[in-house]
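Each chain is listed here by its residues.
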Amino acid sequence: MSDNWIRACASVDIDEEDLIRFDHGDKTFCIYNTPKGFYATDGMCTHEEEHLEFGIVIGTVIECPLHQGRFDIPSGEALSAPVCVDLKTYPVKVEDGDVFINVEGN
Ligand code: FES
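Note that this is a predicted model, so its numbers are computed, not measured.

## Concerning unusual backbone geometry
Most peptide bonds take the trans configuration, and most residues that are not glycine carry a negative phi. Residue Pro82 is bonded to the preceding Ala81 through a cis peptide linkage, with omega at 10°. With respect to the helices and strands, Pro82 occurs in the loop between strand S8 (78-80) and strand S9 (89-90). The backbone of Gln68 sits at a positive phi, close to 65°, despite the residue not being glycine. Relative to the helices and strands, Gln68 resides in the loop between strand S6 (61-63) and strand S7 (70-72). The phi dihedral of Asp96 falls on the positive side, at around 50°, and the residue is not glycine. You can see Asp96 is positioned in the loop between strand S10 (92-95) and strand S11 (98-102).

Below, the structure written as structure tokens:
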């Protein structure tokens, strides 16, 4: 296993269609449990300085809690105003019930 893979949580720690915040070093992430699997993105919205940890997961979309901008979780693509800059995404894998994130990104 590469050193860039960090255990973030147990898979059961994230409810279906929900997310958790995960901080590592000076970075902050969101890790999602979606109907299509587990994913990770940067934790901060690209619009303003708002963490997405209290956002709403709708299928594979995350809606920011501050101005309701939406991103596609698997790709990080900005989907609706006011967000226009994509979210950075990170590889995730689940092994033996644990969720790992590759903090170096895609
Ligand atoms: S801070 Fe996220 S949409 Fe404005």
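## Details of the pattern of salt bridges
Under the criterion given, the structure shown has five salt bridges. Put simply, Glu53 and Arg21 hold a salt bridge, and the shortest N to O gap is 2.9 Å. Note that Glu53 is positioned in the loop between strand S4 (37-42) and strand S5 (56-58) and Arg21 in strand S2 (residues 18-24), a separation of 32 residues in sequence. The exposure class assigned to Arg21 is partly exposed, which follows from its relative accessible area of 37%. Linking Arg70 and Glu63 is a salt bridge whose minimum nitrogen-to-oxygen distance equals 2.8 Å. With a relative accessible area of 13%, Glu63 lands in the buried category. Several salt bridges share partner residues, and in doing so they unite Arg21, Asp23 and Glu53 into one network.

What counts, and where the lines are drawn
- Residues numbered from 1 in each chain as written.
- Predicted model: local features only at pLDDT ≥ 70, side-chain atom pairs only at ≥ 80, totals over all residues.
- Heavy atoms only, no water.
- Helix = DSSP H or I, 4+ residues; strand = E, 2+ residues; numbered from the N terminus.
- Salt bridge = Lys/Arg side-chain N within 4 Å of Asp/Glu carboxyl O.
- Buried < 20%, exposed > 50% of the residue type's maximum accessible area, 1.4 Å probe, protein only.

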